[in-house]
Amino acid sequence: MTAALQSDYPPESEWTTDDLDALPEDGRRRELLDGVLLMSPSPTRTHQKIAMLLGTALDDDCPDGYDVTQGVEVRINRTRSFIPDVLITTATAAAREPSKYEPHEVVLAVEIVSPNTRSIDRVLKPALYAQAGIPFYWRIETQGGALEVVTYRIDAVNEVYSETGRWTKFVDTGEPFPINLPISRITPRVR
């Protein structure tokens, strides 16, 4: 058992992925940023519905060689670990049935921006996903009720993402595979 679990206080130095592994499976979303434990509040129904609809839509068109899933941890290093809302990985990596992926196994990471995580999803995670070498990043904006999907491709030399599109009607891109996705297909019905 790690020092972090022996009291109500964090470890003396920094949180590591070993500490994450020692925590109970209680459904809480825990991520690490340079040894600092981040815990997000439970996502809203709308957030989860978008993730589910997007995952299903991408999976319908997903060619062999890729796999679509959601909410699986990406271990960037010993003190950095994030959980994208939706992700596309290599089929080879998915065949392992992992509970954690390594960055080189992830092709696309998608984050759905929530009010509590705006800066993390818009600035921090894209910078760190790019630094880890994940080729594509999508950010889904939900403010104002209408969805906007912002797509990015990595500039591997500079380890940053370049914006490739802002989509409000269709996501029409050939990356990481041909995608022509009506935004209405990932927009939750209003109840």
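Residues numbered from 1 in each chain as written. Predicted model: local features only at pLDDT ≥ 70, side-chain atom pairs only at ≥ 80, totals over all residues. Heavy atoms only, no water.

Think of it this way: side chains of opposite charge can pair up when their charged atoms draw near. Enumeration over the complete set of coordinates arrives at 15 salt bridges. Notably, a salt bridge pairs R29 with D85, separated by 3.3 Å at the nearest N-O pair. Highlighted residues: R29 in the loop between helix 1 (17-22) and strand 1 (30-33) and D85 in the loop between strand 5 (80-82) and strand 6 (86-90), separated in sequence by 56 residues. Given the relative accessible area of 21%, R29 is considered partly exposed. Salt-bridge contacts for K125 lead to E31; the nearest nitrogen and oxygen are separated by 2.8 Å. Separated by 94 residues along the polypeptide, K125 in helix 4 (residues 118-131) and E31 in strand 1 bring together distant segments of the chain. Residue K125 shares its accessibility class with E31, and that shared class is buried. The network of salt bridges with shared partners includes D21, E73, R75 and K100. (Salt bridge = Lys/Arg side-chain N within 4 Å of Asp/Glu carboxyl O. Helix = DSSP H or I, 4+ residues; strand = E, 2+ residues; numbered from the N terminus. Buried < 20%, exposed > 50% of the residue type's maximum accessible area, 1.4 Å probe, protein only.)

The omega angle of the peptide bond from E175 to P176 is 0°, so this bond is cis rather than trans. Topologically, P176 is positioned in the loop between strand 12 (170-173) and strand 13 (179-182). The backbone of E159 shows a phi angle near 55°, a positive value even though the residue is not glycine. Mapped onto the secondary structure, E159 falls in the loop between strand 10 (148-155) and strand 11 (160-167). Overall, the relative accessible area of 40% leaves E159 in the partly exposed class.

The next point concerns the environment of R80. Assignment of secondary structure puts R80 in strand 5. The buried category is assigned to R80, whose relative accessible area is 13%.

A word on helix 4. Its 14 residues place the ends of helix 4 19 Å apart at the C-alpha level, agreeing with the 20 Å of an ideal helix rising 1.5 Å per residue. By the largest-angle criterion, L124 marks the main kink of helix 4, which is about 35°, and a proline, P126, follows within four residues. Those residues of helix 4 lying buried are D121, K125, P126, L128, Y129 and A130. Where helix 4 ends, the next residue or the one after it, G133, has phi of about 90°, a positive value. (Expected span 1.5 Å × (residues − 1). Bend = angle between axes of the 7 residues up to and from the residue.)

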